[in-house]
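As a plain string of letters, each chain reads:
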Amino acid sequence: EAGVAQSPRYKIIEKRQSVAFWCNPISGHATLYWYQQILGQGPKLLIQFQNNGVVDDSQLPKDRFSAERLKGVDSTLKIQPAKLEDSAVYLCASSLALQGANVLTFGAGSRLTVL
Amino acid sequence: KQEVTQIPAALSVPEGENLVLNCSFTDSAIYNLQWFRQDPGKGLTSLLLIQSSQREQTSGRLNASLDKSSGRSTLYIAASQPGDSATYLCAVPYNNNDMRFGAGTRLTVKP
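Residues numbered from 1 in each chain as written. Chains lettered and ligands numbered in written order. Predicted model: local features only at pLDDT ≥ 70, side-chain atom pairs only at ≥ 80, totals over all residues. Heavy atoms only, no water.

Caption draft 1: Inspection of the overall build of chain B at higher detail. Helix and strand content of chain B: zero helices and 11 strands. In terms of C-alpha radius of gyration, chain B reaches 13 Å, essentially the compact-globule figure of 13 Å for 111 residues. Its C-alpha atoms put chain B at 40 × 30 × 20 Å along the principal axes. At a minimum sequence separation of 6, the contacts of chain B that also span at least 24 residues come to 53%. Accessible area of chain B: about 5,200 Å², with a carbon and sulfur share of 46%. Between the averaged position of the 10 positive side-chain charges in chain B and that of its 9 negative side-chain charges there is a distance of 3 Å. (Helix = DSSP H or I, 4+ residues; strand = E, 2+ residues; numbered from the N terminus. Rg over C-alpha atoms; globule rule 2.2 N^0.38 Å. Contact = heavy atoms within 4.5 Å. Areas by Shrake-Rupley, 256 points an atom, 1.4 Å probe, with all protein chains shown as cover. Lys, Arg positive; Asp, Glu negative; His and termini not counted. Charge placed at Lys NZ, Arg CZ, Asp CG, Glu CD.)

Now the structure itself:
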């Protein structure tokens, strides 16, 4: 079984520029998550999709962050304009279903550095 | 609100030593608890998942225990090896829509 694919692995941009990250979840996984992990901290949920619908985006800074999952498979996370504090690893994860007992599989992450 | 805390933040041990990593959570109404491993620059790899009805799970040299009533879990690593060096995170589901993570324990096993 192929894992969760993410790209790019690394990105360096200047503040106020824009960036986009892509995620391809495990085939058949209906639920997709984007997490932000700042250095030295645990991952924090940004947004959660069930198929192509948003389940939870309460912690997504909507003035600069956006995400979509148009066909219920791949997803894109965009930041525009970026701030210094957005420097972090952006992790994508997927699971079979939206349940409290679900098991998440994570991708390798996309490391963003904002200068 | 669910808060997850991991102690210690960092741990350095000589090779071969047995060690225990601690995780505590404030809301005991959890479905399960997961332990993850994260290598530098990499994503998270699930190590062990303990259901709320279980008290422990074992995988090789790893043993995770869960005490819901006290809001605690421990990850025991037997006969540590340099290859065990990584950050270990625990996480619990929250509100069906989220997983709350601890900040992790950074483990270094010295040869």
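Caption draft 2: How the structure looks around the state of the cysteines. Residues and elements named next belong to chain A. Applying the stated criterion across every chain yields a total of two disulfides over all chains. Linked covalently through their sulfurs, Cys23 and Cys92 form a disulfide whose S-S length is 1.9 Å. What sets the handedness of the Cys23 and Cys92 disulfide is the S-S torsion sign, and at about -70 degrees it is left-handed. Here Cys23, found in strand E3 (residues 19-24), pairs with Cys92, found in strand E9 (residues 88-95); they are 69 residues apart in sequence, far enough to count as distant. (Disulfide = S-S within 2.5 Å.)

Caption draft 3: Local environment of the interface of chain B and chain A. Between chain B and chain A, the residue contacts involve 20 residues of the former and 25 residues of the latter. Carbon and sulfur atoms supply 51% of the area that chain B and chain A bury against each other, a total of about 1,600 Å² over both sides. Scanning the region where chain B abuts chain A turns up zero salt bridges. For the pair chain B and chain A, the number of links is three residue pairs in polar contact (both at pLDDT 80 or more). Broken down by element, the residue count for the side of chain B that touches chain A peaks at four residues, all from strand E4 (residues 32-38) of chain B. Of the residues contributing to the side of chain B that touches chain A, the split by class is nine nonpolar, nine polar and two charged. (Buried area = accessible area lost by both parts, 1.4 Å probe. Salt bridge = Lys/Arg side-chain N within 4 Å of Asp/Glu carboxyl O. Polar contact = N/O pair within 3.5 Å; in protein donor to acceptor, adjacent residues only side chain to side chain. Nonpolar A, V, L, I, M, F, W, Y, C, P; charged D, E, K, R; others polar.)

Caption draft 4: Looking closely at the packing of aromatic side chains. In this structure the tally under the stated criterion is eight aromatic pairs over all chains. Between the aromatic rings of A:Tyr35 and A:Phe106, the centroid separation amounts to 5.7 Å while the plane-to-plane angle is 50 degrees, which identifies the pairing as tilted. Of this pair, A:Tyr35 sits in strand E4 (residues 31-37) while A:Phe106 sits in strand E10 (residues 105-106), and the two are 71 residues apart along the sequence. Taken together through their ring pairs, the aromatic side chains of A:Tyr33, A:Tyr35, A:Phe106, B:Phe36 and B:Phe101 make up a single cluster. (Phe/Tyr/Trp six-rings, centres within 6.5 Å; stacked < 30°, edge-to-face > 60°.)

Caption draft 5: Quick look at the environment of B:Pro82. Topologically, B:Pro82 is positioned in the loop between strand E8 (72-77) and strand E9 (86-94). Linking B:Pro82 and B:Thr108, residues 26 residues apart in sequence, is a C-alpha distance of 7.3 Å.

Caption draft 6: Expanded view of the sheet that holds strand E3 (residues 19-25) of chain B. Residues and elements named next belong to chain B. What the five strands build is an open sheet, ordered E1-E3-E8-E7-E6; its pairing is antiparallel. Two strands close off the open sheet at either side, each with one partner strand: strand E1 (4-7) and strand E6 (56-59). Adjacent strand axes in the sheet meet at a mean angle of 15 degrees, parallel and antiparallel pairs treated alike. Judged from the six bridges that link them, strand E7 (residues 62-67) and E8 form a sheet pairing that is antiparallel. Among the inter-strand pairings, Ser65 is bridged to a residue of E8, identified as Thr74. (Pairing = 2+ DSSP bridges. Axes fitted to C-alpha atoms, helices over the stretch in contact; angles between N-to-C directions.)

Caption draft 7: Looking closely at the pattern of salt bridges. Applying the stated criterion across every chain yields a total of five salt bridges over all chains. Between A:Lys62 and A:Asp57 there is a salt bridge, with its nearest N and O atoms 3.7 Å apart. In this structure A:Asp57 comes out as partly exposed when scored by relative accessible area, which is 25%. Here B:Asp39 ties to B:Arg37 by a salt bridge, and the two come within 3.0 Å at their closest N and O atoms. Residue classification places B:Asp39 among the partly exposed positions, given a relative accessible area of 26%. (Buried < 20%, exposed > 50% of the residue type's maximum accessible area, 1.4 Å probe, protein only.)

Caption draft 8: Molecular detail of the side chain of B:Gln2. Residues and elements named next belong to chain B. Among the secondary structure elements, Gln2 is positioned in the segment before E1. Given a relative accessible area of 2%, Gln2 falls into the buried group. From its side chain, Gln2 meets the backbone nitrogen of Thr26 in a polar contact 3.0 Å long. Discounting chain neighbours no more than four positions away, the residues touching Gln2 are Phe25, Thr26, Asp27, Ile30, Val92, Tyr94 and Arg100.

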